[in-house]
Amino acid sequence: MKIHSLNGYINTLFIAEYEDYLLLLDGGSPADVDLIEKFCTEELNRPVSNIKLAIVSHMHPDHSGAAPILRKKYGTRIAAYKNIDEWYSGSTGWFQHKLDCLMAQIVAVKHKTKIRKVFSKRITGPDYLMSDMEPLPFFNDWRVIYTPGHTSHDIAVFNEGEKILYCGDSIIEVRGRVYLPLPVIFRKKMKHSYRKMGELGAEQILIPHGNCIGSAGSGEIFERMEKLLEEPPNRIRRRVHYFSVWSPEIWKPTIRRLLFQ
Ligand SMILES: [Zn+2]
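Below: a short report on this structure. (Residues numbered from 1 in each chain as written. Predicted model: local features only at pLDDT ≥ 70, side-chain atom pairs only at ≥ 80, totals over all residues. Heavy atoms only, no water.)

As a further point, take the environment of Met133. With respect to the helices and strands, Met133 occurs in the loop between strand 6 (128–130) and strand 7 (142–146). The exposure class of Met133 is partly exposed, given its relative accessible area of 41%. Residues within four places of Met133 in sequence aside, it is in contact with Arg143, Val144 and Ile145. (Helix = DSSP H or I, 4+ residues; strand = E, 2+ residues; numbered from the N terminus. Buried < 20%, exposed > 50% of the residue type's maximum accessible area, 1.4 Å probe, protein only. Contact = heavy atoms within 4.5 Å.)

Here it is in structure tokens:
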């Protein structure tokens, strides 16, 4: 197995190359489809239909936008956590989806000059609804690690044999420094997710927003992430949080608690 990294529209995509098939980590922006197609056909000399599976780590448009397009064009299957389509459901979910697409485009504007399509599908409809610790279909050397915090349904995937962890948006890396994702919606769950990832003993961490971290001491990185959670949020974090609370997965449990407890 060989890992390739592709510099996508907003984040880095990873393709795990196997003899028979390719695994896409993870679902990318709609604007990444051309890049993925070009990479498969020109760099790997393989048909795009070799991408047997794409994981969608969570519903944010830069992680869920390309996979449904690849499924339609090439039959790529999608694996995601089982409650993923609750995130943007209903009218408030619809509103949150538009806000998140807009925020993703603002990130793109900050980094690039040429603006491309970022508006993704609101509902993914995964072919495989995954649970914690379950092996990935077709690629059972990888298993799903349920890592909520940034959203209610984040997953990371871990290759035990190679000690490689794809961590989704749990870690943001800029010039060698690690940061929390924007936003952290569920702080307690995020803390638990960091502890869980730290215990995996990963030697390489693939980070979609940042560079790969090659480290035998990944436990220390996750300890650092846990410490960051204790710091008071700065102005940007607070602002992004206000714009990120419309998913029914956030407000429904609060209403339930208020009514029934
Ligand atoms: Zn995200």
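That was the structure; now back to the text.
With that out of the way, let us pick up the coordination of the zinc ion. The protein atoms that coordinate the zinc ion are His58 (NE2), His60 (ND1), His150 (NE2) and Asp169 (OD), at distances spanning 2.1 to 2.2 Å. In this structure, the zinc ion is surrounded by four donor atoms whose angles at the metal cover 88 to 170°, and the resulting shape is irregular. Within one chain, the residues donating to the zinc ion are spaced in sequence as H-x1-H-x89-H-x18-D. Of this pair, His150 sits in the loop between strand 7 and strand 8 (155–159) while Asp169 sits in the loop between strand 9 (164–166) and strand 10 (172–174); the two residues are 19 residues apart in sequence, bridging distant segments of the chain. The exposure class assigned to Asp169 is buried, which follows from its relative accessible area of 6%. (Donors = N, O, S within 2.8 Å, 3.2 Å for Na, K, Ca; no water. Tetrahedral: all angles 85-135°; square planar, octahedral: opposite > 155°, others 65-115°.)

Our focus in this paragraph is the sheet that holds strand 7. Spatially, the five strands line up as an open sheet ordered 7-8-9-12-13, and their pairing is mixed. Only two strands of the sheet have a single partner each, and these edge strands are strand 7 and strand 13 (213–214). The pairing of strand 7 with strand 8 spans five bridges and is classified as antiparallel. In the strand pairing of strand 8, Tyr146 is matched with Ile155. (Pairing = 2+ DSSP bridges.)

Let us now look at the environment of Met130. Looking at the element boundaries, Met130 is found in strand 6. Judged by relative accessible area, which is 2%, Met130 ranks as buried. For the pair formed by Met130 and Ile145, sequence separation is 15 residues and the distance between their alpha carbons is 9.7 Å. When residues no more than four places from it in sequence are discounted, the contact partners of Met130 are Ala79, Ala80, Tyr81, Lys82, Pro135, Leu136, Pro137 and Val144.

Once that is clear, we can look at the pairing of strand 1 (residues 2–7). Strand direction decides the pairing type here: strand 1 and strand 2 (residues 12–17), joined by six bridges, are antiparallel. Across the sheet, residue Lys2 finds its bridge partner in strand 2, namely Glu17. In textbook terms, the turn of a hairpin is the stretch between consecutive antiparallel strands, and for strand 1 and strand 2 this stretch comprises four residues.

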